[in-house]
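Below are the chains, spelled out letter by letter.
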Amino acid sequence: MSSFDRRTFLLMPLALTACGFQPVYAPGGTGATLNGRVAVSAPSDVKSFLLVQNLEQKLGRSAASGSEYKLAVSVSTTTRAASISTSNETNRYTIDGRANYSLTSEESGQVVASGQVIDFVAYSAAGSTVSTLADERDATERLMEILSDHIVTRLYTSPDITA
């Protein structure tokens, strides 16, 4: 016996519009408002470079003079051992990442959205030195992409950003 009811499916758009739901990429949505209009702060190290690169890919790159918003980001990471063998060798590491962001309107100078996102990734250290370094580099790239995804999601769902 199926619990699917077509009437519920047909009435869902009405319920979503009644609660103020608006698609992000619809005309006038926050995705369209921010696309190509955000100047991301200059990176200071490799990790912040990767974060800024991902943010610019997701938000669209803008000319510094023509941007309506300025996004200041700072990132910090901590690497720690996650798995230690009986012979006291580390087999797995985790990288905890934390990114603080602040979106400021260039016109008013007011902070439109700000916050902090946190996530982690892990990588194996069981292979050779070269493979461990490659795994660490890959994990750092994945972490910066995850953090940028979190920031963009928070910006897109921010109620204070309007067209």
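What counts, and where the lines are drawn
- Residues numbered from 1 in each chain as written.
- Predicted model: local features only at pLDDT ≥ 70, side-chain atom pairs only at ≥ 80, totals over all residues.
- Heavy atoms only, no water.
- Core = buried A, V, L, I, M, F, W, Y, C linked by side-chain atoms within 4.5 Å.
- Buried < 20%, exposed > 50% of the residue type's maximum accessible area, 1.4 Å probe, protein only.
- Helix = DSSP H or I, 4+ residues; strand = E, 2+ residues; numbered from the N terminus.
- Contact = heavy atoms within 4.5 Å.
- Expected span 1.5 Å × (residues − 1).
- Salt bridge = Lys/Arg side-chain N within 4 Å of Asp/Glu carboxyl O.

Engineer: Teacher, can you tell me more about the nonpolar core here?
Structural biologist: It is characteristic of soluble globular proteins that their nonpolar side chains tend to be buried jointly. Membership of the largest hydrophobic core comes to 30 residues, with the highest contact counts inside it found for Leu-34, Leu-51, Leu-71, Val-73, Leu-103, Ile-151 and Leu-155. Broken down by secondary-structure element, the contributors of at least two residues to this core are strand E1 (38-40), helix H3 (46-59), strand E2 (69-84), strand E3 (90-105), strand E4 (111-124) and helix H4 (129-156). Ranked by the residues each element gives to this core, the list is headed by H4, at eight residues. With residues near it in sequence (within four places) discarded, Leu-34 still touches Leu-59, Tyr-69, Leu-103, Leu-155, Tyr-156 and Ile-161.

Engineer: What is the right way to look at H3 in this model?
Structural biologist: Structural remark: α-helix, 3.6 residues per turn; residues separated by three or four positions point the same way. With 14 residues, H3 extends 20 Å between its outermost C-alpha atoms, agreeing within 8% with the 20 Å of an ideal straight helix rising 1.5 Å per residue. Turning to H3, its buried residues are Ser-48, Leu-50, Leu-51, Val-52, Asn-54, Leu-55 and Leu-59. One or two steps after H3, the chain reaches Gly-60, where phi turns positive at roughly 85 degrees.

Engineer: Is there a simple way to explain the pattern of salt bridges in this structure?
Structural biologist: Side chains that differ in charge, positive against negative, can pair when their charged atoms come close. With the rule as written, the count across this model stands at five salt bridges. Residue Arg-37 is joined to Glu-68 by a salt bridge in which the shortest nitrogen-to-oxygen separation is 3.5 Å. Taken together, the residues span a long stretch of sequence, with Arg-37 in the loop between helix H2 (30-34) and E1 and Glu-68 in the loop between H3 and E2 at a distance of 31 residues. Among the residues examined, Arg-37 registers a relative accessible area of 31% and is labelled partly exposed. Residue Glu-68 is classed as partly exposed on the basis of its relative accessible area of 39%. Arg-80 serves as the salt-bridge partner of Asp-96, at 2.8 Å between the closest nitrogen and oxygen. You can see Asp-96 sitting in strand E3 and its partner Arg-80 sitting in strand E2, a full 16 residues away along the chain. The class of Asp-96 is partly exposed, set by a relative accessible area of 24%. With relative accessibility at 45%, the residue Arg-80 sits in the partly exposed group.

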